[in-house]
Structure formats: C-alpha cells, structure tokens
Amino acid sequence: FRDQQDEVVKSVFEGKDTLVLFPTGGGKSLCYQVPATVFEGLTLVISPLVALMQDQVQQLNERGISATFINSTLPGYEVEQRLVNARNGMYKLMYCAPERLSTPLFQAELEKLNLELIAIDEAHCISEWGHDFRPAYRTIKASLASISENVRWLALTATATPEVKKDILNNLEFSDSNIITKPFKRENLIWWVIHEENKHPRLSRSIQKAAKKGDGLMYGGTRKNCENWATEMNGIGLKSEAYHAGINGEERKAIQDRWITGETPFVVATNAFGMGIDKPNCRYVIHEEMPFSIEAYYQEAGRAGRDGSESYPILFHKESDFIKRSEEHTSELQSPDHLVCRLL
C-alpha cells in the first residue's frame, strides 16, 4: 500500500461511510478495488467518463479480476445482458455513469443485485462548487434509495475545497463519516510558471526540451490549436497526436492507448483528456493557457510523475489569458503566480 491506502480499506471493511481526499496519482482506485476482490457481492463504481471505465475494466480483467462496465457505447441488449450477469454474481466490479442509475432498466435490476460497496469516483462532480459539476451526481443517493442499508459507501476525489467537501458529505448523507486525507504537496513535481506575451517560440522550445525527459502531454485549449501543435511537433520529428471532441470515440480511445504505451510520446489535448488515466511515466504536462481554477489545474498538472519520479508541470500565461478567464467567471480569479504559490 501507498500511504493511507490501508487506512481507507480498513474503513470500508468496518462499514464506515468514507470520503477519500487523495492527490492525483495518490492511488484512489485501489481503495475500492481491494475490498471488491474480498467481498462476495458486487462493487458498483460510479464514474464520469467512458474512457476511464474502459481503461480500469481492461486493467482489472488483465489481472484476472472479473469486472465490466455499462455505458452509452453498448447496445441496449448488451447492457441488459451485463446486468443479468451481475445479478448472477459474474462480476466483482461494475462501472457505470451516474445518469445510468435512474434508467428504468437499471432500476428494475437494482434490488436483484447483491451490492456490497458503492464507490463514487471523481466525487467533486457532486458539488455545484466543484470545478467539474455534473448534475446527475447529485441524484446518486436518491437513485440508490432502494438498496440495503448495509451497503457500504465510499467517495473519492483529488480536488475538494472545504465547500466541496461539505457539499459531498451533505449530499451523500454521510452523517458519521470517516474523512481520510493525504497531503497534496507532491515532492517530485517541479512547478514552472512562465509569463510570456509571445508564447509560441518559447513553448516550442520547452516542448522539445521536455521531450528529452520522456513522454508528455500539453493542454492546447481549442481543437484547432491542438491540431496545429500536433502537426508542428510531427514536423520536427516528435511523434504527436491531437485529442479533442471532434475526433470519434473509437479513435480517441486509440490515441489514449498509444500515449499510454509510449507509441505516441506527445499528445496535445483539450481538457477532456486524461481524467483517471493511469500513465505513471508522464514526465511533463504543459498548459498553453490558464485553466479555469486551481482545482482544475492541480488535477490536470498532477498527471505528471505519477510514478514518483521527477516531472514538470509547466504553465504558460500572458495578461490576456487572465483577463479572458476573469470575464468567463463571476468568481474572483487569482494570478497564475499566486495560484502556484498556493500549490507549493
């Protein structure tokens, strides 16, 4: 176990409602996967992204642990068959999106499932104060109201302000909860914040320099920007691909897989990329523009160095970026330099 993973697992076995606040790369998934292998019944994992579900299910199956997912990529008959399989005890873990819980088919099968643990991944999505608010997360408790009171509950996130933490606890009705927090400072990350009004030349040099350290990722903002940067880097010999919502789901999954295996060492993506993806040896994460919040920045930049080795989150900004973000949000933003001072 990494630090405090064993504490979470013990809390789950003791039947306590548990909220886990671990940094990106802190090993949250193991906190529900270990109990799932021990329980006789089913662990239901509520997860926000198709790619995240498929990635984790593939890894579990490769390790001989029976797991499945139900999501929008499957035809209706396949969803129904997997729910029947789950009812018959064929899986240790089943992943689904929160929107799935309220569907008539799922509700019809719910009471027939031998549920032992509900694990809510990316639990900050519950909160309207979170950086990635998703309304269906707020209905999880109501959608699962018919399950046994003996079912254990576990919520996990890498980004939770005090307001978000309070909202998660209230929404899930964790009255006597166990909150387990790991320090969020990661000693192996070397943070860079670079003010540059003419970003392009220095950004290009930084990518080429960082690429000598290993594989990396850049958040490029717009679809067009991602395509342009990938084309430019390919032109100088760094194999690169763009990732954004304009690419079909099957190809996005293939790009993700090629990045994880190292076949494509550099991906330029919109902020849809990377949540929950386990690539331990990502050596650098570059932001071409300011993220929307310190929580979003911490999670995205934290995809660097998940293996504990020295890695580099690099943020480029100019004055107009700060003005743009300030106009997009009613809440007060902090300057990029002050933002990273808070992280450190």
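Residues numbered from 1 in each chain as written. Predicted model: local features only at pLDDT ≥ 70, side-chain atom pairs only at ≥ 80, totals over all residues. Heavy atoms only, no water.

Asker: How should the sheet that holds strand β6 (residues 152-157) be read in this particular structure?
Answerer: Strand pairs in the sheet, formed through backbone hydrogen bonds, run parallel or antiparallel to each other. Taken together, seven strands build an open sheet; the order of strands is β3-β4-β2-β5-β6-β1-β7 and the sheet is parallel. Two strands bound the open sheet, and with one partner strand each, they are β3 (67-70) and β7 (178-181). Here the strands of the sheet are splayed against their neighbours by 20° on average, with no regard to which way each runs. For strand β1 (residues 18-21) and β7, the ladder comprises four bridges, and the chain directions are parallel. Across the sheet, residue leucine 21 finds its bridge partner in β7, namely threonine 181. Contacting β3 and β4 (93-96), helix α3 (residues 50-62) runs over the sheet at an angle of about 160° to β3. (Pairing = 2+ DSSP bridges. Helix = DSSP H or I, 4+ residues; strand = E, 2+ residues; numbered from the N terminus. Axes fitted to C-alpha atoms, helices over the stretch in contact; angles between N-to-C directions. Contact = heavy atoms within 4.5 Å.)

Asker: How do you make sense of the packing of α3 against helix α10 (residues 249-261) when you look at a structure like this?
Answerer: Between two packed helices, both the angle of their axes relative to each other and the distance between the axes serve to describe the pair. Here α3 crosses α10 at 50°, and the two axes come no closer than 11 Å. As the angle between them shows, α3 and α10 are arranged oblique. The interaxial crossing formed by α3 with α10 has right-handed handedness. Each of Ala51, Gln54, Asp55 and Gln58 in α3 lies in contact with α10, whose residues at this interface are Lys253, Gln256 and Ile260. Per-class residue counts for the contact of α3 with α10 are two nonpolar, three polar and two charged. (Parallel < 35°, antiparallel > 145°, perpendicular 65-115°, else oblique. Left-handed = near helix turned anticlockwise from the far one by under 90°. Nonpolar A, V, L, I, M, F, W, Y, C, P; charged D, E, K, R; others polar.)

Asker: Sorry if this is basic, but what is going on with the layout of surface pockets here?
Answerer: Empty space among the atoms becomes visible once a probe the size of a water molecule is rolled across them. Within this model, the second largest pocket holds a volume of roughly 680 Å³. In terms of lining, the second largest pocket is formed by 29 residues, of which the most central are Ser29, Leu30, Gln59, Asp278 and Arg306. Of all the secondary-structure elements, those providing two or more residues to the lining of the second largest pocket are α2 (30-38) and α3. When the residues that make up the lining of the second largest pocket are grouped by side-chain class, the tally is eight nonpolar, twelve polar and nine charged. (1 Å grid on protein atoms, 1.4 Å probe; cavity = no way out; pocket = protein on both sides within 12 Å on 5 of 7 lines; lining within 4 Å. Points joined across faces, edges and corners; volume = space filled by probe spheres on them.)

Asker: How should I be thinking about the pattern of salt bridges in this particular structure?
Answerer: Pairing between side chains becomes possible if they bear opposite charge and their charged atoms approach one another. For the coordinates displayed, the defined rule picks out 13 salt bridges. In this structure, the salt-bridge partner of arginine 138 is aspartate 167, at a minimum N-O distance of 2.7 Å. Taken together, the residues arginine 138 in the loop between β5 (115-120) and α6 (140-143) and aspartate 167 in helix α7 (residues 162-171) connect sequence positions 29 residues apart. For arginine 138, a relative accessible area of 27% puts it in the partly exposed group. Assessed through its relative accessible area of 9%, aspartate 167 is described here as buried. One continuous salt-bridge network, built from bridges that share partners, spans Glu241, Glu251 and Arg258. (Salt bridge = Lys/Arg side-chain N within 4 Å of Asp/Glu carboxyl O. Buried < 20%, exposed > 50% of the residue type's maximum accessible area, 1.4 Å probe, protein only.)

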